[in-house]
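Coordinates in review
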Amino acid sequence: MLRSFATLFKKSWPFLLSAGLTVLVVVAYNLGEVVEKHHRKLMENVHYGIAAFILFVSFYFIVLLIRTVWTTADDDNDQ
């Protein structure tokens, strides 16, 4: 029984993950609409937080790219 459940889960995990993420996004969107309707200042702070997170992630990937290029350049010089 448990082995068949694990096999079913292995085969259908993309479907389950996409369904779960869809439900999560719909709930987050509806919650955001309710919060924006009743607490506008709070939503401004949430927007600032999201913008800061996006900036952090983009800067992180830029630094990661630079580090990768430097590492690759060092490997080329060693040969």
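The structure we're discussing is the one just above.
So, a few notes on the structure that sits alongside this text.

What counts, and at which threshold
Residues numbered from 1 in each chain as written. Predicted model: local features only at pLDDT ≥ 70, side-chain atom pairs only at ≥ 80, totals over all residues. Heavy atoms only, no water. Phe/Tyr/Trp six-rings, centres within 6.5 Å; stacked < 30°, edge-to-face > 60°. Helix = DSSP H or I, 4+ residues; strand = E, 2+ residues; numbered from the N terminus. Buried < 20%, exposed > 50% of the residue type's maximum accessible area, 1.4 Å probe, protein only. Salt bridge = Lys/Arg side-chain N within 4 Å of Asp/Glu carboxyl O. Patch = residues over 30% accessible without salt bridge, like charges linked within 9 Å, V, L, I, M, F, W, Y side chains within 5 Å. Areas by Shrake-Rupley, 256 points an atom, 1.4 Å probe, with all protein chains shown as cover.

1. So, the packing of aromatic side chains
- On inspection of all chains with the given rule, the structure shows two aromatic pairs.
- Note on Phe56 and Tyr60: the rings are 6.4 Å apart at their centroids and 25° apart in plane angle, and the pair reads as stacked. In this pair, Phe56 and Tyr60 both sit in helix H2 (residues 40-78), four residues apart, roughly one turn of the helix.
- Under the relative-accessibility criterion, Phe56 is labelled exposed at 55%.
- An angle of 70° between the planes, with centres 5.9 Å apart, marks the rings of Tyr60 and Phe61 as edge-to-face.

2. Concerning the pattern of salt bridges
- For the coordinates displayed, the defined rule picks out two salt bridges.
- Across the salt bridge formed by Glu36 and Arg40, the nearest N and O atoms sit 3.9 Å from each other.
- The exposure class of Arg40 is exposed, given its relative accessible area of 58%.
- The salt bridge partner of Lys41 is Glu44, with a shortest N-O separation of 3.8 Å. With Lys41 and Glu44 both in helix H2, this residue pair falls three residues apart, about one helical turn.

3. Looking at the environment of Ala51
- In this fold, Ala51 is placed in helix H2.
- Residue classification places Ala51 among the partly exposed positions, given a relative accessible area of 38%.
- It is 24 Å that separates the C-alpha atoms of Ala51 and Arg67, two residues lying 16 residues apart in sequence.

4. Structural notes on a nonpolar patch on the surface
- Among the surface-exposed residues, Phe5, Leu8, Phe9, Trp13, Phe15, Leu16, Leu17, Leu21 and Leu24 lie close enough to one another that they form a single nonpolar patch of about 990 Å² accessible area.
- Within the secondary structure, Leu21 is located in helix H1 (residues 2-38).
- With a relative accessible area of 46%, Leu21 lands in the partly exposed category.

5. Regarding the environment of Phe15
- Relative to the helices and strands, Phe15 is located in helix H1.
- A C-alpha to C-alpha distance of 33 Å links Phe15 and Lys37, two positions 22 residues apart in sequence.

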